[in-house]
Amino acid sequence: MADAPRPPAASDPDPAPRYLVTARKYRPQTFGDVVGQAHVAQTLQNAIRLGRLAHAYLFSGPRGVGKTTAARILAKAVNCTTPLAEREDAEPCRTCDSCRAFEEGRSLNIIEVDAASNNKVEDIRELRETVRIPPQGAKKKIYILDEVHMLSASAFNALLKTLEEPPPYVLFIFATTEPHKVLPTILSRTQRFDFRRIAVPEIVGRLQAICAEEGVESDNEALMLLARKADGALRDALSLFDQAVSLVGTPLHAAPLREALGVVDIDLFFEATEQAKAGNRAGLLALVDRLVQRGYDLPEFLGGLAEHVRHLLVAVTTGSADLIEGTEAMQQRYLAATADWAEVDLLHLLMLVDDAEAHIKESRQPRLATELALLKMASLEPAADLHHLLAKLERLEATLASGALPKAADGGQRTVDSGHKTEAERPPSPAPSVATEPPASYQPAPPPSPAPEPPPTDAPGSPAASSDESDPGSGPEQDDPGESPMFSPEPPPRPTGETVAPAPAPTAPPPSAPSLFGAPALRRKGSSGDGAEGTPAATLTGGDGSAVGTPHLAAPPTTDDFGISLTRVSDAWPRLVAAVKADRVHVGSMLQLASPQRVSKGAVEVAVPDDFSRTLLTSETESVRTALAEVLKDEAPALRFVVRAGEAGETAAEVDPFERLKQLRQEHPVFRALFEKFGAEIVW
Ligand SMILES: [Zn+2]
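Residues numbered from 1 in each chain as written. Predicted model: local features only at pLDDT ≥ 70, side-chain atom pairs only at ≥ 80, totals over all residues. Heavy atoms only, no water.

(A) Spotlight on the overall build of the protein chain. The helix and strand inventory of the protein chain stands at 30 helices and 11 strands. Per-residue burial over the protein chain gives 54% buried out of 684 residues. Of the contacts made within the protein chain by residues no fewer than 6 positions apart, 77% connect residues no fewer than 24 positions apart. As displayed, the protein chain has an accessible area near 28900 Å², and 56% of this comes from carbon and sulfur atoms. (Helix = DSSP H or I, 4+ residues; strand = E, 2+ residues; numbered from the N terminus. Buried < 20%, exposed > 50% of the residue type's maximum accessible area, 1.4 Å probe, protein only. Contact = heavy atoms within 4.5 Å. Areas by Shrake-Rupley, 256 points an atom, 1.4 Å probe, with all protein chains shown as cover.)

(B) Representation of the coordination of the zinc ion. The zinc ion binds to the protein through Cys 80 (SG), Cys 93 (SG), Cys 96 (SG) and Cys 99 (SG); the donor distances cover 2.2 Å. Every donor counted, the 4 donor atoms about the zinc ion form angles of 98 to 122 degrees at the centre, which fits tetrahedral coordination. (Donors = N, O, S within 2.8 Å, 3.2 Å for Na, K, Ca; no water. Tetrahedral: all angles 85-135°; square planar, octahedral: opposite > 155°, others 65-115°.)

(C) A look at the sheet that holds strand 5 (residues 191-194). Sheet architecture is open: 5 strands sit in the order 2-3-4-1-5, paired in parallel fashion. Of all strands in the sheet, those with a lone pairing partner are strand 2 (110-114) and strand 5, marking the two edges. On average, each strand axis in the sheet is inclined to that of its neighbour by 15 degrees, with strand direction left out of account. Note that strand 1 (residues 56-60) and strand 5 share 4 bridges and pair parallel. Among the inter-strand pairings, Ser 60 is bridged to a residue of strand 5, identified as Asp 194. Against the sheet, helix 3 (residues 67-79) makes contact with strand 1, strand 2, strand 3 (141-146) and strand 4 (170-176), and its axis sits at roughly 180 degrees relative to strand 3, the strand it touches most. Packing against the sheet, helix 5 (residues 121-131) makes contact with strand 2, strand 3 and strand 4, and its axis sits at approximately 165 degrees to strand 3. (Pairing = 2+ DSSP bridges. Axes fitted to C-alpha atoms, helices over the stretch in contact; angles between N-to-C directions.)

(D) Region of the structure containing the environment of Thr 81. Inspection of the secondary structure assignment puts Thr 81 in the loop between helix 3 and helix 4 (97-103). Dropping the residues within four chain positions of it, Thr 81 is found in contact with Cys 96, Asp 97 and Ser 98.

(E) Structural detail: the confidence of the model for the protein chain. When the pLDDT values of the protein chain are averaged, the result is 73; 67% of them are 70 or greater. Under a pLDDT of 50 for its full length, residues 1-15 has, in the predicted model, 33 contacts with residues more than four places off or in other chains. Across residues 648-655, confidence stays below pLDDT 50; counting only partners more than four residues off in sequence or on other chains, it has 51 contacts. (pLDDT = per-residue confidence, 0-100.)

(F) Representation of the pattern of salt bridges. Evaluation of the coordinates by the stated rule reveals 26 salt bridges. Of the charged contacts in the structure, one is a salt bridge between Glu 307 and Arg 228, with a shortest N-O distance of 3.5 Å. Of this pair, Glu 307 sits in helix 14 (residues 298-318) while Arg 228 sits in helix 9 (residues 220-230), placing them 79 residues apart in sequence. Residue class for Arg 228 comes out partly exposed when judged on its relative accessible area of 23%. Where salt bridges share partners, they join Lys 76, Arg 94 and Glu 103 into one cluster. (Salt bridge = Lys/Arg side-chain N within 4 Å of Asp/Glu carboxyl O.)

So this is what it looks like as structure tokens:
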């Protein structure tokens, strides 16, 4: 055994110029040199110092993380003849006879047994015989049994005897990668230490030290590459390092190294996910072909792809790259890519790739398996469906709120909501939730039984993506570009008449209704008169509503039941205008002419001068809202742009979305499917 990571010591007992692989040459010789297992090293040092050594230890953990190395250091330290007081932290002195004898491989008191090849009961019996002989000129006789899980059952049992009543001078150190295969009776007689995978930065640090020692010039990315490929095993990293130096020579740079090691370039992974996202199957097949032509290992490619998707997922989920092991440039790249992905999509991709990776090893046709996996990825429907669906619903509600109902005209409809999140999100509002009510009870209800309701709360949005959770009901109608086709036949863009127009309610709500749904928060202000939310049909004409609408504008509440503060938004408006202007002048200019007016149905109504502004800003609702959230440094309330009453001469109706949705549910197959197949509930 040679030298520690320090410069070749004068005391080096092995001055032979023969080549030693790095992993052996730089094998740690003291606890202090052990990388990444400080928790183990510290405990063992304390045990030595305090004289509280167990008689058997079990070191478990993945391969190449330093179990055997630690066992050797422990053995050396235990038998070191230099007085403890003179040894710092109970480290082996490496100069006494005992230490040197062990390092030179001639110690009689430290016996290493490879249990994998000596796993028979006879071997253990033999070992037991030697255990009887006391150590020669040392404190302890130490047995290091590597791969102890390989012992046969009878060998284990033979060993058990010795473990139960070991002579006081014996110390057993077992090492295993598979502690679950070790008999419980053995486990219970040992003190167990779990060694962990070594983190990439720690491996990189070690490699840097070795590079400095060896005079090998290298760039950080190359070392990072080796460390990541080693997957937590320092020994693997050091072997790879040797391999890399032989293959690439020095200086060690990432690009040639990548090629030499057959590491798939990160660009290819990005290419794969981008093509998959675009549904470009041909591109993906071409990609596989390129991989094959270049001689890449396909299982390795899938493994790398899984890691890549995981990185994307981590970046999207956490919004940071801290959990991504890689260079800063790489982390930045993942962060930059987050905008393109929804968490759900990545989860699906990850499951797909993970599954493919698990099976490709058994596959006789790895290429086919890879292609299949990639094609499946490309065929994944964007899971954003749900978002789109919800966005659609919001649009629908908005449409309803504006009084323009696509097909269903008469009955009222309500918000469809899958409910769970709604409950949680609902701010303390007087509005009781009806979520618990079985949807069935609504089904038979005749269309014209609008009940007063609390403001719409939103459907479950995705935590990350949808910004419109506060309330879809009145929600901003957004254009979402990529909606699923299944919705296409559905509600036309809201009619131009959409303004603040309270609908005269032809269908007054039954008096009993309020008790069922609790105080109709939605209605509380201003709607006392209009009672029932108007039917959609009624609102289309907007004229009749103006009478009721005016009062709304006259006395804008500062906060609505959702706790959205109109004042906050109003105060923030100039900053919002400035922020948006900096980015997109035309939108900013229109916002400048707009002003938050009141809070209604959980959304802040923003009055704009004309229909053109309304249309444009409505299409920008999401981006404006995002900007608003940034300005507020908080979640932004939903926004609804309406034509200023004065200008338009119309006011929006307060429509009961619940009734509308109920109607839709009866008339639209898609909605019916939502209820029946997906268990959606009308929640208000
Ligand atoms: Zn010593």
